[in-house]
Amino acid sequence: MTTPAEDPAPAPPRRAALLTGLALTAGTLTAGTLTAGCAAPATPDAARGRPHTTPPTPPAAPSAPVVPPAPAPRRFPAQPSEITHGPRTNPPKVALTFHGQGDPAIATSVLGEAEKAGVRVTVLAVGTWLDEHPGMARRILVGGHDLGNHTLHHLDINAMSQTEAAAEIRGCADRLKRLTGSIGTWFRPSRSPRASALVQRLAQDAGYPHTLSYDVDSLDFTSPGAAAVTRNVLATVRPGSVVSLHFGYADTVAALPDLLHELDRRGLRPVTTTELLS
């Protein structure tokens, strides 16, 4: 007669405790392995006990220099259509006017010498020169100087037909308008100190009430030397004079300090043409 197998006897208490401990340890290791294999959710800085830091704000970009609005031409009722000089009365003032053409480095030096002495001048710019050096329009205006029109190509405008002359005046006016928002404060004819009746009329049609001539010629464009430039101006300058000078000539830059000193010694204050007539 076969006897059924008997159930195993229960484990002694010490052995049961050991088995239980091993099971718990295995479960803990398994749980740790699974946790390590998963990405833990991000914990805020405050929850981790660290202060929250805000990324630094990048420095603001430097602002561009402010360019004053370019003035438009003005009518001076007491002045003729072609102006050669201003009032001969007190306080005695003169206008230094520059034909705007030539090496921009020399032009910048001329402006710098004037500004160093606290002087503002009038620049009559050639249109093609502005095409080549458009930054000069900003440089002139930022310095507080007058900026005007000296035709597009600096040719003999009085010898041109009506159509050609009008194109020379309007061509430079268009460039000034595009660069500065204004056609410029003044128009000066090219290759002649005086404008013909036709050129005066065409300038008025383009928006310039006056053409600007001069009564003192420095002859600096002949490169006579700095001392001669100064002598040429001082020989004929008077209160109210409009002086013709040029960018692009080293003699002009070299002459300016002595010329400005001598004008000051004579009590003649250089100003823009607009200020001279205002």
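About the criteria used
- Residues numbered from 1 in each chain as written.
- Predicted model: local features only at pLDDT ≥ 70, side-chain atom pairs only at ≥ 80, totals over all residues.
- Heavy atoms only, no water.
- Buried < 20%, exposed > 50% of the residue type's maximum accessible area, 1.4 Å probe, protein only.
- Helix = DSSP H or I, 4+ residues; strand = E, 2+ residues; numbered from the N terminus.
- Arc of directions from axis to C-beta.
- Contact = heavy atoms within 4.5 Å.
- 1 Å grid on protein atoms, 1.4 Å probe; cavity = no way out; pocket = protein on both sides within 12 Å on 5 of 7 lines; lining within 4 Å.
- Points joined across faces, edges and corners; volume = space filled by probe spheres on them.
- Nonpolar A, V, L, I, M, F, W, Y, C, P; charged D, E, K, R; others polar.
- Core = buried A, V, L, I, M, F, W, Y, C linked by side-chain atoms within 4.5 Å.
- Salt bridge = Lys/Arg side-chain N within 4 Å of Asp/Glu carboxyl O.
- Phe/Tyr/Trp six-rings, centres within 6.5 Å; stacked < 30°, edge-to-face > 60°.
- Expected span 1.5 Å × (residues − 1).
- Bend = angle between axes of the 7 residues up to and from the residue.

Caption draft 1: Summary view of helix α4 (residues 135-142). When we look at burial in α4, the residues that qualify are Met136, Ala137, Ile140 and Leu141. Projected down its long axis, α4 carries its buried residues within an arc of 135 degrees, all on one side. The inward-facing, buried residues of α4 contact α2 (104-116), β3 (122-125), α3 (127-132), β4 (146-149) and α5 (162-180). The first or second residue beyond α4 is Gly144, which carries a positive phi of 85 degrees.

Caption draft 2: Summary view of the layout of surface pockets. Approximately 320 Å³ is the volume attributed to the largest pocket. Grouping the constituent residues of the lining of the largest pocket by class yields six nonpolar, 10 polar and three charged. Taken as a whole, the second largest pocket spans an internal volume of roughly 200 Å³. What lines the second largest pocket is a set of 14 residues, and nearest its centre among them are Ala117, Gly118, Val119, Arg269 and Pro270. Listed by contribution, the elements that provide at least two residues to the lining of the second largest pocket are α8 (250-265) and β8 (269-271). Taken together, the residues of the lining of the second largest pocket sort by class into six nonpolar, four polar and four charged.

Caption draft 3: Looking closely at the nonpolar core. Membership of the largest hydrophobic core comes to 51 residues, with the highest contact counts inside it found for Ile169, Tyr208 and Val237. Sequence-distant contacts of Ile169, defined by excluding residues within four places in its chain, comprise Asn149, Ile157, Phe187, Val199, Leu202, Ala203, Ala206 and Tyr208. One finds Phe76, Ile83, Trp186 and Val242 within the second-largest nonpolar core, a separate group that totals 11 residues.

Caption draft 4: Looking closely at the pattern of salt bridges. Evaluation of the coordinates by the stated rule reveals eight salt bridges. When the shortest N-O distance is used, the salt bridge between Asp205 and Arg201 registers 3.7 Å. Within this pair, Asp205 and its partner Arg201 are both found in helix α6 (residues 197-205), separated by four residues, close to a single helical turn. For Asp205, a relative accessible area of 45% corresponds to the partly exposed category. The class of Arg201 is partly exposed, set by a relative accessible area of 37%. The residue Arg269 makes a salt bridge to Glu275 at a minimum N-O spacing of 3.2 Å. For Arg269, a relative accessible area of 45% gives the class partly exposed. Residue Glu275 is classed as partly exposed on the basis of its relative accessible area, which comes to 33%. Via salt bridges that share partners, Asp131, Arg175 and Arg178 belong to a single interconnected network.

Caption draft 5: Representation of the packing of aromatic side chains. For the coordinates displayed, the defined rule picks out four aromatic pairs. Centre to centre, the rings of Phe76 and Trp186 are 5.8 Å apart; their planes meet at 5 degrees, and the pair counts as stacked. Of this pair, Phe76 sits in the loop between α1 (13-36) and β1 (82-83) while Trp186 is found in the loop between α5 and α6, placing the two residues 110 residues apart along the sequence. Here the two residues Phe76 and Trp186 agree in accessibility, since each one is buried. Measuring from centroid to centroid gives 6.0 Å for Trp129 and Phe247, while their planes differ by 50 degrees, and the two rings are tilted. With a gap of 118 residues between them, Trp129 in helix α3 and Phe247 in the loop between β7 (242-246) and α8 connect regions that are remote in the sequence.

Caption draft 6: Up close: empty space enclosed by the protein. For the structure on display, the rule yields one cavity of 30 Å³ or more. Here the largest cavity is characterised by a volume of approximately 40 Å³. Lining the largest cavity, in full, are Ala70, Pro71, Leu141, Leu147, Leu176, Thr180, Ser182, Gly184 and Thr185.

Caption draft 7: The arrangement of α8 in detail. The end-to-end C-alpha distance of α8, which contains 16 residues, comes to 24 Å, matching closely the 22 Å that a straight helix rising 1.5 Å per residue would cover. When the local axis directions of α8 are compared, the greatest deviation, roughly 45 degrees, occurs at Leu256, which is followed within four positions by the proline Pro257. Gly267 sits one or two residues past α8 and shows a positive phi near 80 degrees.

Caption draft 8: Quick peek at unusual backbone geometry. In this model, Asn90 is joined to Pro91 through a cis peptide bond whose omega is -5 degrees. Structurally, the position occupied by Pro91 is in the loop between β1 and β2 (93-100). The backbone of His154 sits at a positive phi, close to 60 degrees, despite the residue not being glycine. Structurally, His154 can be placed in the loop between β4 and α5.

Caption draft 9: Spatial organisation of the side chain of Thr211. Examined against the element boundaries, Thr211 turns out to sit in strand β5 (residues 211-212). Apart from the residues lying within four places of it in its own chain, the contact partners of Thr211 are Ser81, Glu82, Ile83, Phe187, Ala195, Gln200 and Ala203.

Everything listed here is a matter of geometry and, on its own, says nothing about what the molecule does.
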